[in-house]
Amino acid sequence: MLSQGKVNRISKFDREKLDAPITVRVVFQKTGNLQYFSHLDLQRTWQRVLVRASIPMWYTQGFNPHSKITFGVPLPVGSEGMEEMVDLRIDRQITPAEIKAQLNAELTSEMQVSEVYIPTTAFSDIAWGTYQMTVKTPGDPIDNAAAINKIFAPDAEPIIMTKRSKSGDKEVNILPMIHSVKAVAADGLIKIRATLRAGNTENLNPEYLIKAMRDRLGILPEDGSTEEVWYRILRIGFHDEKGVAVGKWFR
Amino acid sequence: MNQNQKRMLLTSVSRPGRYAGGEYGQIIKDKTQVKARFAFAFPDSYEIGMSNLGVRILYHCLNLHDDIWCERTYAPWVDMQEKMREQNVPLTCLESGDPVSDFDFLGFTLQYEMCYTTVLNMLELSKIPLRAADRGEDCPLVIGGGPCAYNPEPVADFFDLFNIGEGEEMLPEIVRLYIRMKDEGTYTRAAFLHEAARTIQGVYVPSLYTITYNADGTVAAYTPVYDDIPKTVTKRIVKDLDKTPFPDKVVMPYIETVQDRITVEVGRGCIRGCRFCQAGMVYRPVREKSPEVVDCQCRAIFESSGYEEMSLSSLSISDYTKVNELTDSLLSWSNPNMVSLSLPSLRADSFTRELMDKVASIRNSTITFAPEAGSQRLRDVINKNLYEEDLMRAVNVAFDVGKNQVKLYFMQGHPTETDEDLAEIPELAHRVVSAYYQNPNRRKGQHPQVTISVSPFIPKPFTPFQWEPQDTLEEMERKQAFVGSCVHDRRVKYNYHNAKTCHLEAVLARGDRRLAPALEEACRRGFKFEAWSEFFDYEGWLDIFAATGIDPAFYANRRYGLDEVLPWDVIDCGVTKKFLQRENARAHEGNTTPNCRENCSGCGANKMGGERACCPKVK
Ligand code: SF4
């Protein structure tokens with residue numbers, strides 16, 4: 001039974017069963033208001049999105065059956081993402097285009113699916129994430145950009161920060177976790193492109209860069225008015241250790 | 001506030017998802033194309049408010065009108081409030097992000113008395129004057145509704161109007177009247193309030209009634225200031241629940257909320273008539289939805305939400321006449337879709353193996369019943385109409401299928417209660433423990449756990465016990481300790497409520513307009529979120545009462561006179577005062593009253609009409 005408004009949706013029960021479940025990768029954005037929701041919230045949301053989009057998920061057998069979904073690298077609260085990824089295990093015939101259309105009908109404009117495909121890479125291949133940061137702060141943007149480039153240069157002084165982990169707080173030098181930082185001034189703002197360690201083994205939250213700029217350069221003062229002082233972070237993609245993109249363009 | 005400012009604010013507080021908006025299912029309209037904007041406020045956190053079914057329904061009913069845009073707003077958590085004050089940011093609605101003060105209406109749902117200070121807190125955050133009398137023409141009209149509106153008097157001075165009863169039709173009518181008067185050019189705040197009070201059933205405009213008091217502090221009389229408005233305001237019901245608008249799509253929270261699931265009512269009202277229960281009286285007459293309609297509504301919400309859990313809502317679900325038919329049709333699609341069904345509010349006497357097998361939400365090993373009193377004598381006084389055999393049979397059904405945890409709800413402080421009655425609460429729990437060990441089908445190697453949860457009695461308006469005094473705080477606390485001292489088994493766990501909160505609840509529940517200065521002072525002192533124990537400040541309240549010359553015992557611990565004018569007598573909730581008096585007398589005689597299906601006891605609510613009701617038709 002289809003309810004009103006679900007024009008493109010074929011019930012999963014009307015689809016043919018596959019011989020064995022397969023994995024598909026869904027690439028989506030998490031922007032705007034969605035930056036305020038945690039990874040846990042995102043997981044719960046997707047469980048429901050998949051049900052209402054009638055995606056033929058494969059369910060584990062046994063007492064408490066559940067579908068299997070695996071996310072790429074969690075996006076920190078306060079960052080937006082253009083190329084977030086989730087792998088789904090499905091067990092009925094459905095095309096990537098159908099998955100995309102059915103999902104997009106059930107998602108808001110801030111979380112639309114851009115690509116669905118059969119993955120040939122694993123999330124464990126991810127080594128680096130690239131972020132686009134926009135900063136508005138008092139002072140000359142050109143001077144500030146130059147100063148930012150300097151403190152994050154490979155040969156700069158170590159940047160020691162307290163990093164939180166499950167085993168307690170640790171003092172670490174974040175510089176080795178930075179692949180590159182490039183800041184430029186544009187329209188009175190500072191635009192930064194930063195490639196940082198990402199993945200399960202080692203991950204650098206881009207907020208550490210903000211904190212370092214604040215501590216070292218005094219930009220983004222915390223008591224500044226919010227009209228004059230703000231920043232945004234957008235994650236735009238991932239690379240493996242060899243510099244090959246993991247995600248949309250690599251399959 | 002632009003997106004960049006919003007980001008800086010939200011990333012500086014805990015759980016920013018509460019303030020983000022942008023949920024799937026939210027309704028966005030073009031504000032230049034609508035004629036009235038309605039801010040629907042829930043005076044508690046987002047997590048609590050988003051779970052409320054009434055809000056879901058009324059949000060839908062208002063937004064069905066193309067020229068009305070209803071949005072949501074919740075009480076910001078304390079850390080957010082601090083930032084907002086620091087940065088001079090007012091309270092806004094989630095959908096548009098616009099300040100609440102820009103809206104035409106601000107509607108509060110009053111679900112529990114302990115939210116009153118949060119209501120004032122939200123008005124203050126919105127920069128709207130607390131008292132209706134101080135509001136200018138440009139201020140939103142502040143509306144109150146929900147269960148606490150049955151005695152709106154303690155908060156009457158803060159509201160422009162109240163909705164008494166069910167809002168599905170009344171609330172849109174109010175907004176339509178506003179639009180009409182604006183279109184015609186006849187609108188002024190005063191003219192609108194008068195017209196609403198005059199023409200829309202269920203509308204109570206407190207400023208249009210003057211109150212006089214007797215020398216002993218009781219109410220002398222309510223007098224309407226115009227001849228053409230009702231002397232008492234009769235509540236509103238929707239006549240046919242099947243035909244009443246119900247959302248087929250809900251706003252899906254991204255963050256975890258308290259009750260994040262499909263919830264559909266199967267009916268309103270309750271046939272039972274427990275004498276302490278306000279909901280059981282004020283939602284009369286008992287009306288049901290057809291099983292086909294309930295099934296369809298559940299299915300529609302499932303399809304548009306993807307929820308994995310579904311719950312039927314009712315004051316007593318097993319009294320729904322078609323409960324088997326309904327659960328069968330629900331399970332026919334919920335099982336293959338792996339949606340679990342839960343039935344709250346099951347009565348022990350109608351708890352069957354069949355129902356149990358159907359709803360056994362496998363993960364849940366606890367079964368809950370509410371005997372409300374420990375002894376049969378007292379259960380008769382409160383008209384619970386439940387026998388110990390029923391309870392024992394019910395727990396054995398649960399034990400048969402492997403459950404081992406039982407939760408039992410009780411109240412203390414019922415009229416005529418003695419320590420012998422109280423001692424029966426733990427005794428009953430002990431007997432449930434023995435029943436477990438005597439059950440041959442129990443799961444071997446497991447031990448039972450019986451939790452007894454005891455909350456103090458709070459006399460509520462429009463109940464047969466509305467006149468009864470609440471125990472003093474000392475007595476409530478003595479009884480709590482006494483019950484604890486009677487628990488002799490480590491398989492029995494004993495919980496009890498904060499008696500101080502219940503004392504204040506009684507004051508607010510039975511209060512009158514003279515409480516307004518105290519609430520105002522509480523707001524000035526920053527009181528809010530008082531339903532959260534960590535924010536409840538009893539000593540602070542005593543101090544405020546002393547400062548404002550209010551004796552809380554006058555409202556909580558006094559026996560109200562049977563022929564005294566009650567603060568809520570300005571409202572007619574359907575059930576007559578005569579009936580309540582009769583029921584009060586029967587309670588003191590220890591006599592029970594049959595339920596509405598066995599025999600109508602003439603409560604008077606049938607005069608309201610209603611489809612699929614069990615009441616006799618009025619001649
Ligand atoms: S009118 Fe009779 S049947 Fe109807 S609710 Fe009242 S007591 Fe029950």
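Residues numbered from 1 in each chain as written. Chains lettered and ligands numbered in written order. Predicted model: local features only at pLDDT ≥ 70, side-chain atom pairs only at ≥ 80, totals over all residues. Heavy atoms only, no water.

**Q** Explain the site of the ligand to me, please; I cannot follow it from the model alone.
**A** The environment of the ligand is made up of Arg284, Cys596, Cys600, Ser601, Gly602, Cys603, Asn606 and Cys615 of chain B. Residue composition of the shell around the ligand, by class: 4 nonpolar, 3 polar and 1 charged. (Near = heavy atom within 4 Å. Nonpolar A, V, L, I, M, F, W, Y, C, P; charged D, E, K, R; others polar.)

**Q** Any chance you could explain helix 4 (residues 53–63) of chain B here in plain terms?
**A** Note that an α-helix has 3.6 residues per turn; residues three or four places apart therefore point the same way. Residues and elements named next belong to chain B. Taking burial as the measure, the 11 residues of helix 4 include 10 buried ones, the bulk of the element. Those residues of helix 4 that sit buried are Leu53, Val55, Arg56, Ile57, Leu58, Tyr59, His60, Cys61, Leu62 and Asn63. One side-chain oxygen at the N-terminal end of helix 4 lies 3.0 Å from the backbone nitrogen of glycine 54; it belongs to asparagine 52. (Buried < 20%, exposed > 50% of the residue type's maximum accessible area, 1.4 Å probe, protein only. Helix = DSSP H or I, 4+ residues; strand = E, 2+ residues; numbered from the N terminus. Polar contact = N/O pair within 3.5 Å; in protein donor to acceptor, adjacent residues only side chain to side chain.)

**Q** Explain the pairing of strand 2 (residues 68–74) of chain B here, please?
**A** Regular strands place side chains that alternate from one sheet face to the opposite one. All names here are of chain B. Taking burial as the measure, the 7 residues of strand 2 include 7 buried ones, the bulk of the element. With burial as the criterion, each face of strand 2 is covered, one bearing Ile68, Cys70, Arg72 and Tyr74 and the other bearing Trp69, Glu71 and Thr73. Sheet analysis places strand 1 (residues 36–42) next to strand 2, joined by 7 bridges and oriented parallel. Looking at strand 2, one finds that alanine 41 is bridged to threonine 73. (Pairing = 2+ DSSP bridges.)

**Q** Help me understand the sheet that holds strand 4 (residues 141–145) of chain B in this model?
**A** Backbone hydrogen bonds are what pair the strands of a sheet, in a parallel or an antiparallel way. All names here are of chain B. Strand order in the open sheet formed by 6 strands is 2-1-3-4-5-6, and the pairing between neighbours is mixed. Each having just a single partner strand, strand 2 and strand 6 (203–204) make up the two edges of the open sheet. As judged from the 4 bridges shared by strand 1 and strand 3 (residues 105–109), these two strands associate in the parallel manner. Residue phenylalanine 38 lies in a different strand from strand 3, and its bridge partner there is phenylalanine 105. Strands in contact with helix 6 (residues 116–125) are strand 1, strand 2, strand 3 and strand 4; relative to strand 3, the strand with the most contacts, it is inclined by about 160°. In this fold helix 7 (residues 167–184) packs onto strand 1, strand 2, strand 3, strand 4, strand 5 (161–163) and strand 6, with an angle of close to 140° to the strand it touches most, strand 1. (Contact = heavy atoms within 4.5 Å. Axes fitted to C-alpha atoms, helices over the stretch in contact; angles between N-to-C directions.)

**Q** Is there a simple way to think about the packing of aromatic side chains in this case?
**A** Where two aromatic rings form a pair, the distance of their centres and the angle of their planes describe that pair. Residues and elements named next belong to chain B. Overall, the coordinates contain 30 aromatic pairs over all chains when judged by the stated rule. Look at tryptophan 77 and phenylalanine 535: their rings are 5.4 Å apart centre to centre, the planes differ by 75°, and that puts the pair in the edge-to-face class. Taken together, the positions of tryptophan 77 in the loop between strand 2 and helix 5 (78–87) and phenylalanine 535 in the loop between helix 18 (516–524) and helix 19 (538–548) put the pair 458 residues apart, joining distant regions of the chain. By relative accessible area, tryptophan 77 is classed as buried at 13%. Plain terms: the ring middles of tyrosine 436 and tyrosine 437 are 5.7 Å apart, the flat faces sit at 85° to each other, and that makes the pair edge-to-face. Taken together, the ring pairs in this structure connect Phe38, Phe40, Phe105, Tyr178, Tyr187 and Phe192 into an aromatic cluster. (Phe/Tyr/Trp six-rings, centres within 6.5 Å; stacked < 30°, edge-to-face > 60°.)

**Q** What am I meant to see in helix 7 of chain B here?
**A** Helix length check: helix 7 of chain B (18 residues) gives 25 Å between terminal C-alpha atoms against 26 Å at 1.5 Å per residue, within 8%. Count one or two residues on from helix 7 of chain B and you reach glycine 185 of chain B, which has phi positive near 80°. (Expected span 1.5 Å × (residues − 1).)

**Q** Explain the packing of helix 16 (residues 473–485) of chain B against helix 17 (residues 499–509) of chain B here, please?
**A** All names here are of chain B. One can describe the packing of helix 16 onto helix 17 by two numbers: an axis separation of 10 Å at closest approach and a directional angle of 140°. For the element pair helix 16 / helix 17, the angle class is oblique. Here helix 16 and helix 17 pass one another in a crossing that is right-handed. In contact with Leu473, Met476, Glu477 and Gln480 of helix 16, helix 17 contributes Ala499, Lys500 and His503. Per-class residue counts for the contact of helix 16 with helix 17 are 3 nonpolar, 2 polar and 2 charged. (Parallel < 35°, antiparallel > 145°, perpendicular 65-115°, else oblique. Left-handed = near helix turned anticlockwise from the far one by under 90°.)

**Q** Hey, could you run me through the domain arrangement of chain A in this one?
**A** Where the parts come together, the accessible area they lose is often given as the size of the interface. Residue and element names in this part refer to chain A. In terms of domains, chain A is made up of domain 1 (14–119) and domain 2 (126–246). The C-alpha centroid of domain 2 is placed 29 Å from the C-alpha centroid of domain 1. Of the residues lining the interface, 13 residues belong to domain 1; the matching set on domain 2 comes to 14 residues. Together domain 1 and domain 2 conceal approximately 1,200 Å² of surface at their shared face, both sides included; 52% is due to carbon and sulfur atoms. There are 2 salt bridges connecting domain 1 and domain 2. A salt bridge links arginine 232 to glutamate 80; its shortest N-O distance comes to 2.9 Å. (Domains from an automatic or database assignment. Buried area = accessible area lost by both parts, 1.4 Å probe. Salt bridge = Lys/Arg side-chain N within 4 Å of Asp/Glu carboxyl O.)

**Q** Explanation requested: the environment of glutamine 376 of chain B in the structure shown.
**A** Residue and element names in this part refer to chain B. Within the secondary structure, glutamine 376 sits in helix 13 (residues 376–381). The partly exposed category is assigned to glutamine 376, whose relative accessible area is 25%. For the pair glutamine 376 and glutamate 424, spaced 48 residues apart in the sequence, the C-alpha separation amounts to 9.2 Å. For glutamine 376, the residues in contact, after removing those within four places along its chain, are Leu386, Tyr387 and Glu388.

**Q** When you look at the packing of helix 7 of chain B against helix 8 (residues 189–199) of chain B in this model, what are you seeing that I'm missing?
**A** Between two packed helices, what matters for the description is the angle formed by their axes and the separation of those axes. All names here are of chain B. Their axes nearest at 10 Å, the elements helix 7 and helix 8 cross at an angle of 135°. Put simply, helix 7 runs oblique to helix 8. Considering the relative orientation of helix 7 and helix 8, their crossing is right-handed. Contact with helix 7, carried on its side by Ile174, Leu177, Tyr178, Arg180 and Met181, involves Ala191, Phe192, Glu195, Ala196 and Thr199 of helix 8 and no other residues of that element.

**Q** Can you help me understand the pairing of strand 3 (residues 79–92) of chain A in this one?
**A** Residue and element names in this part refer to chain A. Counting buried residues along strand 3, 12 of its 14 residues qualify, which places the element largely inside the surrounding structure. Where strand 1 (residues 17–30) and strand 3 come together, 9 bridges link them in antiparallel fashion. Residue pairing in the sheet places isoleucine 22 in a bridge with isoleucine 90 of strand 3. Here 3 bridges tie strand 2 (residues 69–71) to strand 3, and the two strands are oriented antiparallel to one another. Note on strand 3: the bridge partner recorded for phenylalanine 71 is valine 86. Bridge analysis of strand 3 against strand 10 (residues 230–240) gives 3 bridges, and the strand direction is parallel. Following the sheet pairing, glutamate 80 is matched in strand 10 by leucine 234.

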